[in-house]
Amino acid sequence: MTEWSAGSPVTPFWQRMPRIFALPLRRSVLARIGALCALALMSPLALALGFGGFLLMIAILLGVFIYGLQYGFTIIDRSSLGFLDPDSYPRLQEGNDIARPIKYVAINGLFVLVMVGVAMITGGSEFMVGVTWALLFGLAMPAAVMRLVMTGGLRQSVSPGGLITTMSRIGRAYLVLCVFVFFADLCRSYGVLAVGAAGGLSGALLAAPAGQIAKIGAGVFALLFFMAAAFWYFSYVICALIGYAMYQYADSLEITVVGPGETRATSLRKVDVKARARDALIARMVSSGEVKEAIDVLAEDLRERPQDLSLHARLHKLLLAENYLPRIEDHTNKYLDLLMKTGNERESIALAEEALARSVDWRPRTVEHIVPLARAALAAGRAPLATQLIKGFDKRFRGHPDVPRAYLIGAQLMLQAGGAAVPQARRILQHLVEQHPTHVAAAEAQRMLGRLDQLAR
């Protein structure tokens, strides 16, 4: 299921409940809960500004709610990917982070509209409305949240076919999940309200003079803080529960797990989750013969990061597996250009040797790369590659600034060969000195001629 935890059995979510209930007590989650509660309780201070202050308070409370929901979806998302420790969540920017809480609110709104419609059709039958509520909020909501995380779309989240598919893929365990979520939700809603009622919250708020928030009393503020903290605590328990269930049934839900799962990792904050998910998805596509689809996935990433050498390397391997020569040759030249510009000579040499193995007439598309690549090949002991690259360079590119260097490399190759090639190397060096006396290569050629003369004597 995952490259880090493959082969290790996943603990069922119903056996992991103590850890799930302890997740909101982790340092990072607890800090967020505290911040959310503090902002919510300070928002009434804006009422001192009059009607504008009232609008400001509403805006603050709405922002707090959206921010709190957003982190809840982060818990679900990271947990489903196998990152179960919130203190070590990897940094991953996602464009739909803010959209998902809004769509979640829209899902609740749609479910409420359905209940209203049922009430109108049945003449206000409490039994039918209750059954509808149980089906929508008790049975369908966890699946809707899962699909919202997996697809990011509102329509896909509430699609009856999609909801049934998600439930059936998890199987009977989905009903167990719904039971746990239902009771956690009861604690979050009715339990928190019961605590407020027991603490005399409504009476204290009604007794306070209008606009004089400070006269409510510290005890009431403490009770409000506790109620808000309990609300977010159970909210994040529900998120952790749904996220872990998605992780447990990742194979069935076709989720690519890239985190460590129930094992510990020391540097998760540096993990590129998107890259791991992409690599795992591509591996699955290739193993099932969907090479073209895998190429499309990588090509999409390359449009965002055209200078990423690792992406180019993976794409090149996929193109070789596809074995469509025009695409292979086109990418070979693009990849070689990037390698040469970034000074990756070893990879450039290997890529050029591979291209020459396909066609002896191959040359880099960018002329300026030919001689530097040949020089790198000569320095790496790849004489055949250097020879092929500079062969006929002076005739194919007459007047090119690199012609003197091509002569010099040719002479060096002949000197390495020795024997009958040495006199020909001398003639090339003399021609270089005579035709390009001011070029830096001519100075090196002159020194080589001097050494040849010493050897001859």
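Residues numbered from 1 in each chain as written. Predicted model: local features only at pLDDT ≥ 70, side-chain atom pairs only at ≥ 80, totals over all residues. Heavy atoms only, no water.

1. Side note on the overall build of the protein
Here comes step 1: If you tally the helices and strands in the protein, you get 22 helices and zero strands.
Here comes step 2: Residue burial in the protein is summarised as follows: out of 457 residues, 44% are buried.
Here comes step 3: Sequence separation of 24 or more characterises 67% of the internal contacts of the protein that already satisfy a separation of 6 or more.
Here comes step 4: Accessible area for the protein stands at about 24,000 Å²; split by element, carbon and sulfur atoms hold 62% of it. (Helix = DSSP H or I, 4+ residues; strand = E, 2+ residues; numbered from the N terminus. Buried < 20%, exposed > 50% of the residue type's maximum accessible area, 1.4 Å probe, protein only. Contact = heavy atoms within 4.5 Å. Areas by Shrake-Rupley, 256 points an atom, 1.4 Å probe, with all protein chains shown as cover.)

2. Description of the nonpolar core
Here comes step 1: In terms of nonpolar packing, the biggest core is built from 61 residues, with F13, I75, I76, L177, Y236, I242 and M246 touching the most fellow members.
Here comes step 2: Counting residues in each nonpolar core, the second largest holds 42 residues, with Y335, L339, L385 and A406 among its members. (Core = buried A, V, L, I, M, F, W, Y, C linked by side-chain atoms within 4.5 Å.)

3. Structural notes on helix α3 (residues 51-80)
Here comes step 1: Look at α3: 44 Å from first C-alpha to last across 30 residues, which is about the 44 Å you get at 1.5 Å a residue.
Here comes step 2: Immediately beyond the C-terminal end of α3, within one or two residues, lies G82, with a positive phi of roughly 105 degrees. (Expected span 1.5 Å × (residues − 1).)

4. Quick notes on the side chain of H316
Here comes step 1: With respect to the secondary-structure elements, H316 resides in helix α14 (residues 309-322).
Here comes step 2: For H316, a relative accessible area of 4% translates into the label buried.
Here comes step 3: Excluding residues that lie within four positions of it along the chain, H316 makes contacts with I328, H331, T332, Y335, L351 and E354.

5. Topic: the packing of helix α2 (residues 27-42) against α3
Here comes step 1: Axis separation between α2 and α3 bottoms out at 9 Å; the angle between their running directions is 165 degrees. Taken together, the axes of α2 and α3 are roughly antiparallel relative to one another. Helix-helix and strand crossings are classified by hand; for α2 and α3 the assignment is left-handed. Between α2 and α3, the residues in contact are S28, V29, R32, L36, L39 and A40 and I60, L61, V64, Y67, G68 and Y71, respectively.
Here comes step 2: The residue inventory of the contact of α2 with α3, partitioned by class, reads nine nonpolar, two polar and one charged. (Axes fitted to C-alpha atoms, helices over the stretch in contact; angles between N-to-C directions. Parallel < 35°, antiparallel > 145°, perpendicular 65-115°, else oblique. Left-handed = near helix turned anticlockwise from the far one by under 90°. Nonpolar A, V, L, I, M, F, W, Y, C, P; charged D, E, K, R; others polar.)

6. Some points on the packing of aromatic side chains
Here comes step 1: Under the counting rule described, the total for this entry stands at 13 aromatic pairs.
Here comes step 2: Ring geometry for F73 against Y104: centres 5.9 Å apart, planes inclined by 70 degrees, an arrangement best described as edge-to-face. Pair noted here: F73 is in helix α3 and Y104 is in helix α4 (residues 99-121), with a separation of 31 residues, a long-range link.
Here comes step 3: Look at F73 and you get buried, because its relative accessible area is 4%.
Here comes step 4: In textbook terms, an aromatic cluster arises when at least three aromatic residues are bridged by ring pairs, as seen for F65, Y71, F231, W232 and Y236. (Phe/Tyr/Trp six-rings, centres within 6.5 Å; stacked < 30°, edge-to-face > 60°.)

7. Comments concerning the environment of A355
Here comes step 1: Relative to the assigned elements, A355 resides in helix α16 (residues 345-358).
Here comes step 2: A355 sits 23 residues away from T332 along the chain, and the two C-alpha atoms are 7.6 Å apart.
Here comes step 3: In this view, A355 contacts T332 and W362; residues no more than four positions away in its chain are not counted.

8. What about the side chain of T166?
Here comes step 1: Here T166 shows up in helix α7 (residues 160-170).
Here comes step 2: Setting aside anything within four residues of it in sequence, one finds T166 in contact with A143, M146, R147, M150 and L253.

9. Some thoughts on α2
Every α-helix winds through 3.6 residues per turn, so residues three or four apart in the chain are directed the same way.
Here comes step 1: When the terminal C-alpha atoms of α2 are compared, their 22 Å separation across 16 residues agrees well with the 22 Å that a helix rising 1.5 Å per residue should span.
Here comes step 2: Within α2 the residues assigned to the buried category are S28, V29, I33, L36, C37 and L41.

10. Details of unusual backbone geometry
Here comes step 1: In this model, N323 sits at a positive phi of 65 degrees, which is unusual for a non-glycine residue.
Here comes step 2: Mapped onto the elements, N323 comes out in the loop between α14 and α15 (325-341).
Here comes step 3: Residue class for N323 comes out exposed when judged on its relative accessible area of 56%.

11. With respect to the confidence of the model for the protein
Here comes step 1: Taken residue by residue, the protein gives an average pLDDT of 81. The fraction at 70 or more is 83%.
Here comes step 2: Taken together, the stretch residues 1-7 has pLDDT below 50 and engages in 20 contacts with residues farther than four places along the chain or on a different chain.
Here comes step 3: Note on residues 265-270: pLDDT is under 50 here. Beyond four places in sequence and across chains, it has 11 contacts. (pLDDT = per-residue confidence, 0-100.)

12. Brief notes about the packing of helix α5 (residues 126-151) against α7
Here comes step 1: Taken N-terminus to C-terminus, the directions of α5 and α7 make an angle of 100 degrees; their axes are 9 Å apart at the nearest point. Considered as vectors, α5 and α7 are oriented roughly perpendicular to each other. From α5, L139, A140, A143, A144, M146, R147 and M150 reach across to α7, where they touch G162, L163, T166, M167 and I170.
Here comes step 2: Residue composition of the contact of α5 with α7, grouped by class: nine nonpolar, two polar and one charged.

13. Overview of a nonpolar patch on the surface
Here comes step 1: A cluster of nonpolar residues, F51, F54, L55, I58 and L61, forms a patch on the protein surface that exposes about 480 Å² of accessible area.
Here comes step 2: Checked against the element boundaries, F51 lands in helix α3.
Here comes step 3: Here F51 falls in the exposed class, since its relative accessible area comes to 63%. (Patch = residues over 30% accessible without salt bridge, like charges linked within 9 Å, V, L, I, M, F, W, Y side chains within 5 Å. Salt bridge = Lys/Arg side-chain N within 4 Å of Asp/Glu carboxyl O.)

14. So, the pattern of salt bridges
Here comes step 1: One pass over the structure, following the stated rule, counts 14 salt bridges.
Here comes step 2: Measuring nitrogen to oxygen at the nearest pair gives 2.9 Å for the salt bridge that ties R358 to E329. Linking R358 in helix α16 with E329 in helix α15, this pair joins segments that are 29 residues apart in sequence.
Here comes step 3: Classification of E329 as partly exposed rests on a relative accessible area of 23%.

15. Focus: the environment of M57
Here comes step 1: Looking at where M57 falls in the secondary structure, it is placed in helix α3.
Here comes step 2: What makes M57 buried here is its relative accessible area of 12%.
Here comes step 3: Residues M57 and M42, 15 residues apart in the sequence, show an inter-C-alpha distance of 8.9 Å.

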